[in-house]
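One letter stands for each residue in the lines below.
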Amino acid sequence: MSRILIAEDEPGIASFIEKGLQAAGFSTLTVEDGRTAAYAARDRDFDLMILDLGLPGMDGREVLAEIRGRGERMPVIILTARSGVEETVAGLEGGADDYMTKPFSFEELLARVKVRLRERGTSEPLQLEAGGVVLDLRTRRVQVDGREVELSAREFSLAE
Ligand code: CA
């Protein structure tokens, strides 16, 4: 059973994610602030972390910097209330594997969790190619016949 660390300070969202993941057969631990998240992530038993960017104590980017800084490689999916491209890019550059912009559907989050867990520990390519379309699963960039195109998170998931 995969173990997932959820760092989210909004109780409604935290319980929505937690209940959904548990119903899907995952074991979860939910923490509500950045310091506890960074501390809990030291437990190597976690297979994946869902990390809200806007956390009290230490924000999500600081948590990410700390855990990557000590060589922790578990996949991290960041949650952001801000649809700002800057935060998202900073998160991905800071070592996040994927991101979700709130509000999101649980089905979409679950699909991404499964993709990241599947990739973990494998040397599978992180991009998908078909008919001139290339999806980079890490950066979430899309190229069609060599030209970059913009897709929303939902469109990207559907394409994937
Ligand atoms: Ca928050």
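Let us look at the structure shown here. (Residues numbered from 1 in each chain as written. Predicted model: local features only at pLDDT ≥ 70, side-chain atom pairs only at ≥ 80, totals over all residues. Heavy atoms only, no water.)

### Looking at the sheet that holds strand 2 (residues 27-31)
Taken in spatial order, the five strands of this open sheet run 2-1-3-4-5, and their pairing is parallel. For this open sheet the edge positions go to strand 2 and strand 5 (98-101), each flanked by a neighbour on one side alone. Strand-to-strand twist across the sheet, computed as the mean angle between neighbouring axes with direction ignored, equals 20°. Contacting strand 3 (48-52) and strand 4 (76-80), helix 3 (residues 60-69) crosses the sheet at an angle of about 150° to strand 3. (Pairing = 2+ DSSP bridges. Helix = DSSP H or I, 4+ residues; strand = E, 2+ residues; numbered from the N terminus. Axes fitted to C-alpha atoms, helices over the stretch in contact; angles between N-to-C directions. Contact = heavy atoms within 4.5 Å.)

### Focus on a nonpolar patch on the surface
A cluster of nonpolar side chains, namely V133, V144, V149 and L151, defines an oily patch on the protein surface of about 240 Å² accessible area. Its location among the elements puts V144 in strand 8 (residues 142-144). On the basis of relative accessibility, which here comes to 33%, the residue V144 falls in the partly exposed class. (Patch = residues over 30% accessible without salt bridge, like charges linked within 9 Å, V, L, I, M, F, W, Y side chains within 5 Å. Areas by Shrake-Rupley, 256 points an atom, 1.4 Å probe, with all protein chains shown as cover. Salt bridge = Lys/Arg side-chain N within 4 Å of Asp/Glu carboxyl O. Buried < 20%, exposed > 50% of the residue type's maximum accessible area, 1.4 Å probe, protein only.)

### Structural notes on the sheet that holds strand 9 (residues 147-149)
Through backbone hydrogen bonds, the strands of a sheet pair up, either in parallel or in antiparallel fashion. With antiparallel pairing, the four strands of this open sheet are ordered in space as 6-7-8-9. Each end of this open sheet is capped by a strand with a single partner; those strands are strand 6 (127-130) and strand 9. Ignoring strand direction, the axes of neighbouring strands in this sheet form an average angle of 25°.

### Quick word on the packing of aromatic side chains
A complete count under the given rule lists two aromatic pairs for this structure. Ring centres of F16 and F106 lie 6.1 Å apart, and the angle between their planes is 80°; on these two criteria the pair is classed as edge-to-face. In this pair, F16 sits in helix 1 (residues 11-23) while F106 sits in helix 5 (residues 106-119), placing the two residues 90 residues apart along the sequence. A cation over a ring is seen here: R3 above F46, with NZ or CZ 4.6 Å from the ring centre. (Phe/Tyr/Trp six-rings, centres within 6.5 Å; stacked < 30°, edge-to-face > 60°. Lys NZ or Arg CZ within 6 Å of the ring centre and 35° of its normal.)

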